[in-house]
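Tertiary structure, described
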Amino acid sequence: MQVLRAVVTSGSVTAAAAHLGYTPSAVSQQVAALEKEVGIALLERVGRGVRPTAAGRLLTGHAAVIGRYVAEAETALADLRAGRTGRLTIHYFASVGPTLLAPALARLRREHPGVTIDPRLIGSGDPLPDVERGDADLAIVVRRPGDAPPPGIRVVHLHDDTYRAVVPGGHPLAARRVIDLVDLAGEPWVGSEPAGPCLEPIIDACAAAGFTPDFVAQSEDYATAQGFVAAGLGVGLVPRLGLGTRHPGVTVRPVRHPEPVRAIHVAVREVSLAQPVPRALIDALTDAAAEAD
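None of these values were measured; they are calculated from a predicted model.

Below, the discussion takes up the overall build of the chain. Summing up its helical and strand segments, the chain has 9 helices and 12 strands in all. Radius of gyration (C-alpha) of the chain: 32 Å, far over the 19 Å computed for a compact globule of 293 residues. When each of the 293 residues of the chain is scored for burial, the buried share is 44%. In the form shown here, the chain has an accessible surface area of approximately 15000 Å², with 54% of it arising from carbon and sulfur atoms. The averaged location of the 31 negative side-chain charges in the chain is 11 Å from the averaged location of its 28 positive side-chain charges.

Structure representation (structure tokens):
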């Protein structure tokens, strides 16, 4: 149809061929093929040139509209490919929001101001299936050592977040600079993690120290867990990134023998790594994680 439009606009097959970079024979063949397809003549000869029939004028008008839409689509695609436009959805959990995600998103906005950023806080579920389904472009996740990602998913390590012991301010262990994990064995515990990859490092570390923690209270919110500890309900372990705001009634100390650690990663579909904006966010998250070390 665009060849027909060129012939009608220029007034002859020869002129259209010169403009398009084709031979006159190739232009005539394409117009003939189009006439065969629509079942009606599109051009009629007038002297040394041609003019459109009523059907030719109709198709030429539609070809102009289609040409504009194609040009707009090509421009929009080029903008998306270059990272000038688009939308990026990120699923994350609360404790990485202030420390890792916020500075990374600020940098992404500076580098790609035309991209709409949609960060969504998730609950205690695993956000990796969201990335698999395409409901999220990226997700910040906690992965167990040795876990293989699903097919088509790339998992990039960001940060090893160590757990800290949280004890009431007047507790005898509060006087120590470092607490051996086994010294918490006989204490009542306040849980701060739901079942899953964030709780497993605690359970595994306690098992390595020879005991199972006795949870007497549970909160999936780190601020509330600290409040429970401050009230004397028990002791607990909270990841360092979850201690941005500390309760005045608790004492926080490093733990050893062993030190529990949760491994934080960012998950993205392999196909998205060819796009500049997801790559830029991964780079920004990696740099923010390095600053948090």
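Structure's up, so let's keep going.
So, on to the pairing of strand β5 (residues 138-143). For β5, the tally of buried residues reaches 6 of 6 residues, placing the bulk of the element in the interior. Burial along β5 is two-sided: Leu138, Ile140 and Val142 and Ala139, Val141 and Arg143, pointing in opposite directions, are all buried. Here 2 bridges tie strand β3 (residues 87-92) to β5, and the two strands are oriented parallel to one another. Paired with isoleucine 90 across the strands is leucine 138, a residue of β5. Across 6 bridges, the pairing between β5 and strand β12 (residues 261-269) is antiparallel. Bridging from a neighbouring strand, alanine 139 pairs with alanine 267 of β12.

Attention shifts here to the state of the cysteines. A covalent bond bridging the sulfur atoms of two cysteines is what the word disulfide describes. What the rule picks out here adds up to 0 disulfides. Looking at cysteine 198, it has no disulfide partner, and the nearest cysteine sulfur is the one in cysteine 206, 15 Å off. The buried category is assigned to cysteine 198, whose relative accessible area is 13%. For cysteine 206, a relative accessible area of 0% corresponds to the buried category.

Time to look at the environment of alanine 148. Its location among the elements puts alanine 148 in the loop between β5 and β6 (153-168). Residues alanine 148 and glycine 11, 137 residues apart in the sequence, show an inter-C-alpha distance of 64 Å.

Side chains that differ in sign of charge can pair as their charged atoms come close. Applying the stated criterion across every chain yields a total of 16 salt bridges. The salt bridge partner of arginine 133 is aspartate 130, with a shortest N-O separation of 2.5 Å. A residue pair is termed a helical-turn pair when its members lie 3 or 4 positions apart in one helix, as arginine 133 and aspartate 130 do in helix α6 (residues 128-133) at 3 residues. The class of arginine 133 is exposed, set by a relative accessible area of 55%. Judged by its relative accessible area of 14%, aspartate 130 falls in the buried class. The closest approach of N and O atoms between glutamate 200 and arginine 144, which form a salt bridge, is 2.5 Å. Separated by 56 residues along the polypeptide, glutamate 200 in helix α7 (residues 200-208) and arginine 144 in the loop between β5 and β6 bring together distant segments of the chain. Because the salt bridges share partners, they merge into one network encompassing Arg87, Asp118 and Arg120.

Before going further, it helps to spend a moment on the packing of helix α5 (residues 97-111) against helix α9 (residues 276-292). Here α5 crosses α9 at 135 degrees, and the two axes come no closer than 8 Å. With respect to α9, the axis of α5 lies oblique. The interaxial crossing formed by α5 with α9 has right-handed handedness. Along its contact with α5, which presents Thr99, Leu100, Leu101, Pro103, Ala104, Leu105, Arg107, Leu108 and Glu111, the element α9 presents Val277, Ala280, Leu281, Asp283, Ala284, Leu285, Asp287, Ala288, Ala289 and Ala292. Taken together, the residues of the contact of α5 with α9 break down into 14 nonpolar, 1 polar and 4 charged.

Rules of the game
- Residues numbered from 1 in each chain as written.
- Predicted model: local features only at pLDDT ≥ 70, side-chain atom pairs only at ≥ 80, totals over all residues.
- Heavy atoms only, no water.
- Helix = DSSP H or I, 4+ residues; strand = E, 2+ residues; numbered from the N terminus.
- Rg over C-alpha atoms; globule rule 2.2 N^0.38 Å.
- Buried < 20%, exposed > 50% of the residue type's maximum accessible area, 1.4 Å probe, protein only.
- Areas by Shrake-Rupley, 256 points an atom, 1.4 Å probe, with all protein chains shown as cover.
- Lys, Arg positive; Asp, Glu negative; His and termini not counted.
- Charge placed at Lys NZ, Arg CZ, Asp CG, Glu CD.
- Pairing = 2+ DSSP bridges.
- Disulfide = S-S within 2.5 Å.
- Salt bridge = Lys/Arg side-chain N within 4 Å of Asp/Glu carboxyl O.
- Axes fitted to C-alpha atoms, helices over the stretch in contact; angles between N-to-C directions.
- Parallel < 35°, antiparallel > 145°, perpendicular 65-115°, else oblique.
- Left-handed = near helix turned anticlockwise from the far one by under 90°.
- Contact = heavy atoms within 4.5 Å.
- Nonpolar A, V, L, I, M, F, W, Y, C, P; charged D, E, K, R; others polar.

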